[in-house]
Amino acid sequence: MKPAFSPELLLPAGSLAKMRAAYDFGADAVYAGQPRYSLRARNNEFRLEQIGQGIAEAHARGRKFFVTSNLIAHNDKVRTYLRDIEPVIDLKPDALIMADPGLIMQVREKWPEVPIHLSVQANTTNSATVKFWQRAGISRIILSRELSLDEIESIRQDCPDMELEVFVHGALCIAYSGRCLLSGYFNRRDPNQGTCTNACRWDYKTHVADDQASDAGDAQPTKLESDFDFAAAQQEAESAFAATSTCGGGSRHPLADRVYLLEEKERPGQLMPIMEDEHGTYIMNSKDLRAVEHVARLAKIGVDSLKIEGRTKSLYYVARTAQVYRRAIDDAVAGRPFNPELLLELEGLANRGYTGGLLERRPSQDYQNYITGHSVSHRSQFVGEVRSVREDGWAEVETKNRFAIGDTLEVIHPSGNRRVRLERMTSLEGAPVEVAPGSPVRVWVPLEGPSEGALIARML
């Protein structure tokens, strides 16, 4: 069935350049945050001047610009909030994205005309909560990432006159969004104050505690010749637990009394006790959310906005996700079947493995990446940006990663993508070049067709 309307495509803007790329490749709106009051205090270009410029450019294009102000504030920030948000409101953003009830109350009292979108940080998971915030004057709810498609549909039916927004792509937390405290414990950087260090993705090693405790009562690590075999331990535990009652009366399995210790790569000797029964060492590292295959269902449900995470991601990430999800939305609205090529295009982005998150109920191991804590690209690599184009079709490319004669390049452009085999390349002075080693080198390459402002990827 053809959806009744086209959902808004909402992209992250970590800089003005990324904002422009988002619009060029199909975004209807972007969101950017004040560093002091959003969850992106680091790697955030948007000070007041940039916010003003971004809003002006967005409105000139007929697009929207939302300002993220979604931390859970401590008293020192409550005292300065109204002072600091007033000049932002004067710039007339299309909405503020907020989570803290106290800050929301203050804004509603002083500027009742300003639209407020309730952040995913507020963890809205049911219709009653949506109605509560609607009565408080909120104009849009960004639903929790912990909801299934069926739950989203139920909320839509229960709350037909509230705008709903759903995350469809990007990094996931191992806790309810923003509620993890690992970074706060390890680095004194509070995740909900915008300074999360992503401790869930660090490299941890496993140890087994011996039966002896120190004089202080602490478990002591057993030196292992190799990594502990969690797969074997899991199999042993499952066999043992299958033979005993879980409702009392059965004997305790010896694994239940063993203590496992984590050691993070950069903190040798600092052993943290855990209980863990899965294989691998990146036990807290979530895969990345990918819901492009669910866009048609979300559009049919009537979700007003589909949101992509990633204000600290690259310009290439912004352009590629905007282009892919734009096509998915347009196909859904037109009633066309899902194009599986979109899945392959997203594989060109660095990722930690993809999951549908909790939109669909899956086995628990589907959510976690136990192999690596960093992103990996499986299909293509971002290698350059086109800075200018000559009349003869040669493009000046600022290189970001290595590429060479003989490589197949993908030219990613708002008008459509194309692939070319690189047969020739010169320096800016015209000398033949075999290899462009990476930033900050600039080279000339022949690119037929539209290339102004294009991004270049090397096919792997």
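Scroll up for the structure.
Cut-offs and rules
- Residues numbered from 1 in each chain as written.
- Predicted model: local features only at pLDDT ≥ 70, side-chain atom pairs only at ≥ 80, totals over all residues.
- Heavy atoms only, no water.
- Buried < 20%, exposed > 50% of the residue type's maximum accessible area, 1.4 Å probe, protein only.
- Helix = DSSP H or I, 4+ residues; strand = E, 2+ residues; numbered from the N terminus.
- Arc of directions from axis to C-beta.
- Contact = heavy atoms within 4.5 Å.
- Polar contact = N/O pair within 3.5 Å; in protein donor to acceptor, adjacent residues only side chain to side chain.
- Pairing = 2+ DSSP bridges.
- Right-handed = clockwise from strand over helix to strand, strands pointing away.
- Core = buried A, V, L, I, M, F, W, Y, C linked by side-chain atoms within 4.5 Å.
- Phe/Tyr/Trp six-rings, centres within 6.5 Å; stacked < 30°, edge-to-face > 60°.
- Lys NZ or Arg CZ within 6 Å of the ring centre and 35° of its normal.
- Salt bridge = Lys/Arg side-chain N within 4 Å of Asp/Glu carboxyl O.

Peer 1: Account for helix H5 (residues 127-135), naming residues and giving values.
Peer 2: Listing the buried residues of H5 in full gives Ser127, Val130 and Trp133. Seen along its axis, H5 keeps its buried residues to an arc of 125°; they face one direction. Facing away from the buried side of H5, by more than 90 degrees, are the exposed residues Ala128, Phe132 and Arg135. Each element contacted by the buried residues of H5 is listed here: helix H4 (101-110), strand E5 (116-118), strand E6 (140-142) and helix H6 (149-158). Its side-chain oxygen placed 3.1 Å from the backbone nitrogen of alanine 128, asparagine 126 serves as the N-cap of H5. A positive phi of about 95° marks glycine 137, the residue just after H5.

Peer 1: Can you tell me about the environment of glycine 357, naming the residues and giving the values?
Peer 2: Within the element layout of this structure, glycine 357 appears in the loop between strand E14 (354-355) and strand E15 (380-389). The sequence separation of glycine 357 and serine 286 amounts to 71 residues, and the corresponding C-alpha distance is 9.2 Å.

Peer 1: Could you give an account of the pairing of strand E7 (residues 163-170), with specific residues and numbers?
Peer 2: With seven of its eight residues buried, E7 lies for the most part within the structure. Both E6 and E7 contribute to a ladder of three bridges, which runs parallel. Opposite arginine 140, over in E7, you have glutamate 163 as the bridge partner. In terms of handedness, the path from E6 via H6 over to E7 forms a crossover that is right-handed. Bridge analysis of E7 against strand E13 (residues 305-308) gives four bridges, and the strand direction is parallel. In the strand pairing of E13, valine 166 is matched with leucine 306. Across two bridges, E7 lies against strand E12 (residues 288-290) in antiparallel orientation. Counted as the bridge partner of histidine 169 is arginine 290 from E12.

Peer 1: Break down the nonpolar core for me, with residues and values.
Peer 2: Counting 77 residues, the largest nonpolar core has Phe65, Leu96, Ile141, Leu143, Ile152 and Tyr325 as its most contacted members. Counting residues per element, this core draws most heavily on helix H10 (residues 315-334), which supplies eleven residues. Leaving out residues up to four positions away in the same chain, leucine 96 has contacts with Val67, Tyr81, Ile85, Ile89, Val107, Val114, Pro115, Ile116 and His117. Counting 17 residues, the second-largest nonpolar core is a separate cluster that includes Val386, Val397, Leu447 and Ala454.

Peer 1: Quick rundown of the packing of aromatic side chains? Include the residues and the values.
Peer 2: Tallied over the entire structure, the rule returns four aromatic pairs. Against the face of phenylalanine 167 rests arginine 145, its NZ or CZ located 4.1 Å from the ring centre. Its end group placed over the ring of tyrosine 31, lysine 307 keeps NZ or CZ at 4.4 Å from the ring centre.

Peer 1: Quick one: what's the story with the pattern of salt bridges, residue by residue and with numbers?
Peer 2: Counting across every chain of the model gives 26 salt bridges. Here arginine 140 ties to glutamate 165 by a salt bridge, and the two come within 2.7 Å at their closest N and O atoms. Of this pair, arginine 140 sits in strand E6 while glutamate 165 sits in strand E7, and the two are 25 residues apart along the sequence. Here arginine 140 falls in the buried class, since its relative accessible area comes to 3%.

Peer 1: Please give an account of the pairing of strand E18 (residues 408-412) that cites residues and values.
Peer 2: For E18, a buried count of four out of five residues is recorded, marking the element as mostly surrounded by other parts of the structure. In the sheet, E18 pairs with strand E19 (residues 418-421) via four bridges, with the strands oriented antiparallel. From the neighbouring strand, threonine 408 faces E19, where its bridge partner is arginine 421. Counted between consecutive antiparallel strands, the loop separating E18 from E19 contains five residues, among which glycine 416 sits at a positive phi close to 135°. The pairing of E18 with strand E23 (residues 455-459) spans four bridges and is classified as antiparallel.

Peer 1: Tell me what's going on with the sheet that holds E19, and back it up with residues and numbers.
Peer 2: Taken in spatial order, the seven strands make up an open sheet running E19-E18-E23-E15-E16-E22-E20, and their pairing is antiparallel. Sheet topology places E19 and strand E20 (426-427) at the edges, where each strand pairs with a single neighbour. Examined bridge by bridge, E20 and strand E22 (residues 442-446) share two bridges and lie antiparallel to one another. Bridging across to E22, serine 427 finds its partner in valine 443.

Peer 1: Describe unusual backbone geometry, with residues and values.
Peer 2: Here the bond from serine 439 into proline 440 is cis, since omega is 5°, no more than 30 degrees from zero. Mapping proline 440 onto the fold places it in the loop between strand E21 (435-436) and E22. One non-glycine residue, lysine 92, lies in the positive phi region at around 65°. The residue asparagine 123 is not glycine, and still its phi comes out positive at about 55°. Mapping asparagine 123 onto the fold places it in the loop between E5 and H5.

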